[in-house]
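# Descriptive analysis of the structure
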Amino acid sequence: MKGLGVSAGIALTWSYSLHSRDNHIEKKTAEDIEAELARCSAAREKAIQRLADRVDAAKGSIGESGDEIFEAQMLMLKDVFLWDEVSNQIRDAGASAQWAFSCAVDSRIEKLSQVDDEYLRERVLDLRDVKAQILEAMLDDSEEDRREIPEIGGIILFGREITPSQLLHFSLDIIKGLVMEEGGPTSHTVLLAKSLGIPCIVGALGSLEMASREKRAYIDGQTGEIVFSPDEELTERYNAYILEKTERSRLLEAFRGKATVTKDGRRIGLLCNIGLPEEAPLVIKADGEGVGLFRSELSMISMKHMPTEDEQFALYAQTVTQLKGRPLTVRTLDIGGDKPTEYLPMEREPNPYLGVRGIRFCLANPEIFMAQLAAILRAGMLGPVNVMLPMITAVSELREVKSLLELVEKDLCSRGVPFAAHLPLGIMIEVPSAAVMADVLIREADFFSIGTNDLTQYLCAADRGNAKTAALNNTCNPAVLRVIRSVVREAALAGKPVSICGQSAADPLLVPLWIAMGVTELSVVPPCVLELRKLISGIDVSLWAELLDRIMALSGADEVIDLLKLASSGAIFDII
């Protein structure tokens, strides 16, 4: 059989059919309005706790991408607008809790299904997942499949559609592959499969029926190939693949404990991106040199109330301690209209990505911001800590933060609370105005971190989640590269460090270019560390520096990619 390969890798093991949840609800009238409202509230809390418990159990396996996916699901479960609609349906129409909730979610599913945007259409799967979780909680009926799972070789999951929360019903160690009859390449299940290194195929019509009959299957997540009852030739191909993968891992282990140095001796900092204290051990395990981006909002969003200064200090202290002397860079609360929570004072905005988010929200709510700053300063007593500000647009914002930091230090002194004064204060360069004013900002900042995801999106005015503008949203666009080069140049002139912390920090095509520009640090997800260290060890910066002007003079992203591929193969250096 053939489907669309969306996550590379090969698996050959037992097939395991996962049948879809039945979310059909009969229309019923509520006999007791207050009892139905209470049932909604109880189901909501149960589903939230159940998801949190499953995510905790999988912690250390799902990584940052998984955290983001389940954070999004948690936000859906907590969506006050959805629950207000459900409550109104119960009160006004006298509907039962299940019926009211089903109607509210189905209405959203119908609207998203009609949108001419692949990315948004694939969020339908998340809504179906949330719907199933709530209905399970209301009916006290978990859909966990408790059939016996073969102990040898793991399983390949087959389903019409497989949701992220369904994956958490299993030990992630035994899942060797995913095959879905529906779905597309940008669904959250696919993104989770990629982050876990699990081969995945979508659009494989008829595969679920076959998996129900056949015991073993072979899948190739690159080609989309599916073979049931694989023969000896395929088994040999699979065994060769495993040997090659094992050998690759062995070669990478040779770089563990080594400094990250280019072929011609330039030292590069290789740090990690994490979102929760529980991920700090992953940095040690991956041999990362510290944390270049700690997404502090993830811990806050997962709570049911605004964490106090002491609660935040406990989170940062736990993270610093687990890093065992490696530096921790805490990005202050990066939240806004696109990340609503129940307890933060935010309003819905027509264009949240251009609204009150990041540092704008923090400066508009100084009491919340100062509590976080105090917690970070206190954690600085336990190990090296840096403060990083998101969404800086103008130097006036940086100066305002410095004034607040002075007030926080005075308050801590008056309370007799130990803290580390004058922690390094850096900013993220992700807004075009900040990139243009880099020469001014670097005079007052201790370091820069370039968020290539948002910077590319804003520079190109192209939503990175919109499939129709995907071709425009490309970091290889010469316009984006020119801006990044100018930012790096200003940091170098000031003698201050500059890092890349977006997805492109781990892009093997772009990494040599960043280093040739003068980037001093890269911050990536932990699994990329050893692979990048190996890549960097073979980079001759002097040769790549000769290519810079030629690359900057190109007219489009496609031309840049072609030249980068040529350079990565070494062919271009025979010419220059």
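Residue indices follow the written sequence of each chain, beginning from 1 at its first position. In keeping with the predicted nature of the model, local features appear solely for residues at pLDDT of at least 70, side-chain atom pairs appear and are counted solely at 80 or more, and the whole-chain, interface and lining totals rest on all residues. In computing side-chain properties, one takes all heavy atoms of the structure into account and sets aside hydrogens as well as water.

For the rest of this paragraph, the subject is the overall build of the chain. Labels follow the DSSP assignment, with helices taken as runs of H or I lasting at least four residues and strands as runs of E lasting at least two, numbered in each case from the N terminus. A tally of regular secondary structure across the chain gives 24 helices and 15 strands. Buried positions account for 53% of the 576 residues belonging to the chain. Within the chain, residue pairs in contact and separated by at least 24 positions form 69% of the contacts whose partners lie at least 6 positions apart. Note on areas: these come from Shrake-Rupley sampling with a 1.4 Å probe, and a residue is covered only by the protein chains present in the view. When the accessible surface of the chain is totalled, it reaches about 25100 Å², and 53% of it is carbon and sulfur. Relative accessibility decides the category of a residue: with a 1.4 Å probe and only protein chains considered, values under 20% of the type maximum give buried, values over 50% give exposed, and everything between is partly exposed. In this description, contact between two residues means that some pair of their heavy atoms is separated by no more than 4.5 Å.

Here the nonpolar core consists of buried residues drawn from Ala, Val, Leu, Ile, Met, Phe, Trp, Tyr and Cys, with membership extended through side-chain atoms lying within 4.5 Å. Core analysis: the largest hydrophobic core is formed by 101 residues, its most contacted members being L389, F448 and L522. Among residues more than four places away in sequence, those in contact with F448 are I427, I429, A438, L441, I442, V487, A491, P497, V498 and S499.

Turning next to helix α22 (residues 529–537). Buried within α22 are the following residues: V529, L530, L532, R533 and I536. The buried residues of α22 occupy an angular sector of 160 degrees when projected down its axis, which confines them to one face. In this structure, the buried side of α22 is in contact with α10 (232–253), β8 (269–274), α11 (280–286), α21 (511–517) and β15 (521–524). Here the arc refers to the set of directions running from the helix axis out to each C-beta atom.

Further remarks concern the packing of aromatic side chains. By convention, a stacked pair of Phe, Tyr or Trp rings (six-membered ring in the case of Trp) has centres within 6.5 Å and planes under 30 degrees apart, an edge-to-face pair has planes over 60 apart, and any other such pair is tilted. For the structure on display, the rule yields 4 aromatic pairs. Centre to centre, the rings of F158 and F228 are 5.5 Å apart; their planes meet at 35 degrees, and the pair counts as tilted. Residue F158 is located in strand β3 (residues 155–159), and its partner F228 is located in strand β7 (residues 225–228); the two are separated by 70 residues in the primary sequence. Ring centres 6.2 Å apart and planes at 85 degrees place the aromatic pair F294 and Y316 in the edge-to-face group. Taken as a pair, F294 in strand β9 (residues 291–295) and Y316 in helix α13 (residues 309–322) lie far apart in primary sequence, 22 residues in all. Each member of the pair F294 and Y316 is classed as buried. Lysine and arginine charges are scored as sitting over a ring when NZ or CZ, respectively, is within 6 Å of the ring centre and within 35 degrees of the ring normal. Residue placement shows R216 over the ring face of W14; its charged tip is 5.2 Å from the ring centre. Positioned above the aromatic ring of F313, the side-chain terminus of R378 is 4.3 Å from the ring centre.

Moving on to the sheet that holds strand β13 (residues 447–450). Within a sheet, neighbouring strands are paired by backbone hydrogen bonds and run either parallel or antiparallel to one another. Read around the closed barrel, 8 strands run β8-β9-β10-β11-β12-β13-β14-β15, paired in parallel fashion. Adjacent strand axes in the sheet meet at a mean angle of 25 degrees when their direction is disregarded. Bridging between β8 and β9 involves 3 bridges; their strand directions are parallel. Among the inter-strand pairings, C272 is bridged to a residue of β9, identified as V291. Against the sheet, α13 contacts β8, β9, β10 (328–331) and β11 (385–389), and its axis sits at roughly 150 degrees relative to β10. The strands touched by α22 within the sheet are β8 and β15, with β8 carrying the most contacts at an inclination of about 155 degrees. Two strands pair under a simple rule: DSSP has to find at least two bridges between them. Orientation is described by lines fitted to C-alpha atoms, with helices fitted over the stretch in contact, and by angles between N-to-C directions that extend from 0 to 180 degrees.

The next thing to look at is a negative patch on the surface. Patch membership needs two things, relative accessible area over 30% and no salt bridge, and members are linked within 9 Å if like-charged or within 5 Å if nonpolar (Val, Leu, Ile, Met, Phe, Trp, Tyr). Any carboxyl oxygen of Asp or Glu within 4 Å of a side-chain nitrogen of Lys or Arg constitutes a salt bridge here. Charge convention: Lys and Arg are scored as positive, Asp and Glu as negative, and His as well as the terminal groups of each chain are ignored. For charged residues, the charge sits on one atom: NZ in Lys, CZ in Arg, CG in Asp, CD in Glu. Residues D231, E232, E233 and E236 make up a contiguous surface patch of negative charge. Judged by relative accessible area, which is 48%, E236 ranks as partly exposed.

This part is about the confidence of the model for the chain. Confidence along the chain averages 87 in pLDDT terms, with 89% of residues attaining 70 or more. Counting interchain partners and residues more than four positions distant, the pLDDT-below-50 stretch residues 142–147 has 13 contacts. Per residue, pLDDT captures the predictor's confidence, and it can take any value from 0 to 100.

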